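So you can see what is in the structure, the chains are spelled out below.
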Amino acid sequence: MMKTKAVRLYGKKDLRLEEFELPEIKENEILASVITDSICMSTWKLANQGGDHKKAPDNVAENPIIVGHEFCGEILEVGGKWAHKYKKGERYVVQANLQLSDRPDCPGYSYPYTGGDATHIVISEDVMNQDCLIPYNGETYFEGSLIEPLSCVIGAFEANYHLKNGSYEHKMGIKEDGNLLIMGGTGPMGLLAIDYALHGPIRPKNLVVTDRNPDKLARAEKLYPSQDGITVQYVDVGEVEDQVSLLKETVDGGFDDIFVMVPSEQVITDAADLLNPDGCLNFFAGPQNKDFSAKVNFYDVHYSFTHFVGTSGGNTEDMRKAVKLIEDKQVKVANVVTHILGLDAVAETTLNQPAIGGGKKLVYTHKQSELKKLSEIDPASELGQILAKTDGIWSKEAEEYVLKQFPII
């Protein structure tokens, strides 16, 4: 038997840090450590909804689940069924969007022993059966925890589509050398989308990013300036009454692809009005309200062939592409990390995500630490001096310091 410490969900806004024994693994299971987990807004939504969430057990009060689905760690023991494929000591990441045919179960939402906010876990055979346990050979654990959100962005980009001239066939992906707009694009998922637009396989000619926060826009512009023939513009729409006219002026027309990163009815309506003929709008933001709707122009749908899609999560192929991008250092996911914390601060941080703001909150699951904002870490401290080397961006050296120096929970 092995003990674990984990944050488990018992009901609406009821997250508890507990220590308990894991069952011995079966032939079809894998025992693993978790080193890092990145807190997702989806977990905040799960915590708010409790058993009403579509992926949570109805009896979550009697059958609590480990939260967290953006995690990275090491394999400790492999059941006989999987001994041909996985080895002790390998680093791994998990594609949490299992897409089971008969139930909505996913790690971090549905399982009593499979989730990211824990020191040790038993990985359900569902994960391996779906080929969702993926080897990872990156330099850091924290980048492994950011593969899942990057895979969601990759999936969104690949879900967009455009017509092939003279036919009813569609070409998947954003339009090459087109105009791309990311609305509300300075949050962590927006930054990953900017990074992927600049470094992915299909690239736009013009990229426009909007937000209502000038500080976040300034940070995004510093991280992702115009490059490699792609013109990048950052537009503050906080005090703008007519953002449609303003944004059309930025590219002398409309947009071929638009990603809406905030669940706002007005933003969706404006986005629809900004589409070029054969343009594609991707509603990336996930609303909590099941009756959420917005006004769109169906004249344009009929005569201009505008398209609307939505994506929630990625698939295993998206995850593997994200792994390769990070292993090959083609994207800089460290840019989205703004806070670090230990397992003891997970419950409070998860429940207060909107109020905390910022980007990704990175959990070191074996460590004890209050939530720390990177920009507020004492520059005279050893960790502050490490961060100064990378202009405040989280790094391999910073992670190694935490793993060595922070107290064990």
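Computed from a predicted structure; not experimentally measured.

This brings us to the sheet that holds strand β2 (residues 14-22). Taking strand neighbours across the sheet as the criterion, the three strands line up as β2-β1-β4 in an open arrangement whose pairing is antiparallel. Of all strands in the sheet, those bounded by a partner on one side alone are β2 and β4 (65-66). When strand β1 (residues 2-11) meets β4, the two strands line up antiparallel, connected through two bridges. Looking at the pairing, Leu9 lines up with Ile65 of β4.

The UniProt record marks residues 188-327 with the feature "domain: Alcohol dehydrogenase-like C-terminal" (unreviewed entry), using the residue numbering of this structure. A helix fraction of 41% and a strand fraction of 22% characterise residues 188-327, whose end C-alpha atoms lie 20 Å from each other.

The next point concerns the sheet that holds strand β13 (residues 231-236). Pairing in this open sheet of six strands is parallel, and the strands run β13-β12-β11-β14-β15-β16 from one edge to the other. If you trace the sheet from one side to the other, it starts and ends with β13 and β16 (307-310), each paired once. Within this sheet the neighbouring strands show an average axis-to-axis angle of 15 degrees, counted without direction. Bridge count between strand β11 (residues 179-183) and strand β14 (residues 255-260): four bridges; the pairing is parallel. Directly across from Leu181, in β14, lies its bridge partner Ile258. Helix-sheet contacts for helix α5 (residues 188-199) involve β11, β12 (206-211) and β13, and the interaxial angle to β12 is about 175 degrees.

With that settled, the discussion passes to the layout of surface pockets. Empty space left among the atoms is revealed by rolling a probe the size of a water molecule over them. Estimated volume of the second largest pocket: approximately 830 Å³. Along the wall of the second largest pocket there are 38 residues; nearest its centre are Arg219, Leu223, Asn335, Thr338 and Ile393. Among the elements that take part in the lining of the second largest pocket, helix α6 (residues 214-223) stands out by supplying six residues, more than any other. In terms of residue class, the lining of the second largest pocket is built from 15 nonpolar, 15 polar and eight charged.

Moving on, we come to the UniProt feature "domain: Alcohol dehydrogenase-like N-terminal" (unreviewed entry) in the protein. Under the UniProt annotation, "domain: Alcohol dehydrogenase-like N-terminal" (unreviewed entry) lies at residues 27-100. Secondary structure content for residues 27-100 is 12% helix and 32% strand, while the C-alpha to C-alpha distance between its ends is 21 Å.

With that settled, consider the pairing of strand β5 (residues 71-78). Sheet topology note: the strand β3 (residues 30-39)/β5 ladder contains seven bridges and is antiparallel. Residue pairing in the sheet places Thr36 in a bridge with Cys72 of β5. In this structure, β5 lies alongside strand β6 (residues 91-94), joined through three bridges in antiparallel fashion. When the bridges of β6 are listed, Cys72 appears paired with Val93.

We now examine the packing of helix α7 (residues 243-251) against helix α8 (residues 265-273). Running from N to C, α7 and α8 point in directions that differ by 45 degrees, and their axes come no closer than 10 Å. Looking at the two axes, α7 sits oblique to α8. The element α7 and its partner α8 pack so that their crossing is right-handed. Here α7 contributes Gln243, Val244 and Lys248 to the contact with α8, which in turn contributes Val267, Asp270 and Asp273. Its residues assigned to classes, the contact of α7 with α8 shows two nonpolar, one polar and three charged.

Although it is not a glycine, Gln99 sits at a positive phi angle of roughly 60 degrees. Its location among the elements puts Gln99 in the loop between β6 and β7 (120-123). For Gln99, a relative accessible area of 53% gives the class exposed. A positive phi angle is found at Asp131, which is not glycine, with a value near 60 degrees.

For helix α10 (residues 316-327), which comprises 12 residues, the first-to-last C-alpha distance of 16 Å matches the rise-based estimate of 16 Å (1.5 Å per residue) to within 8%. Residues of α10 that are buried include every one of Thr316, Asp318, Met319, Ala322, Val323, Leu325 and Ile326, and no others. On its buried face, α10 is in contact with β6, β8 (133-135), α3 (141-145), α4 (147-159) and α5.

Here is what the cut-offs are and how they apply
Note on numbering: residues in each chain are counted from 1, in written sequence order. Totals for whole chains, interfaces and linings use all residues, but because this is a predicted model, local features are given only for residues with pLDDT of at least 70 and pairs of side-chain atoms are given and counted only at 80 or more. Side-chain descriptors were evaluated using all non-hydrogen atoms of the structure, hydrogens and water having been removed beforehand. When DSSP finds two or more bridges between two strands, those strands count as paired. The secondary structure listing takes helices from DSSP runs of H or I that are at least 4 residues long and strands from runs of E that are at least 2 residues long, numbered from the N terminus. UniProt positions are given in the numbering used here, feature names are shortened, and annotations may be inferred rather than shown by experiment. A fitted line through C-alpha atoms represents every axis, and for helices the fit uses only the stretch in contact; the resulting angles, taken between N-to-C directions, go from 0 to 180 degrees. Note on contacts: a residue pair qualifies if any of its non-hydrogen atoms lie within 4.5 Å across the two residues. We place a 1 Å grid over just the protein atoms. Points where a 1.4 Å probe fits but has no way out form a cavity, open points with protein on both sides within 12 Å along at least 5 of 7 lines form a pocket, and any residue with an atom within 4 Å of a point lines it. Grid points are joined across faces, edges and corners, and a volume is the space filled by probe spheres set on the points. Residues were grouped as follows: Ala, Val, Leu, Ile, Met, Phe, Trp, Tyr, Cys and Pro as nonpolar; Asp, Glu, Lys and Arg as charged; and all remaining residues, including Gly, as polar. By the definition adopted for this analysis, an angle is roughly parallel if under 35 degrees, roughly antiparallel if over 145, roughly perpendicular if from 65 to 115, and oblique otherwise. In a left-handed crossing the near helix is turned counterclockwise from the far helix by less than a right angle, and in a right-handed crossing that turn is clockwise. Residue exposure (1.4 Å probe, protein chains only): buried if accessible area is under 20% of the type maximum, exposed if over 50%, otherwise partly exposed. A helix is expected to reach a length of 1.5 Å times the quantity of its residues less one.

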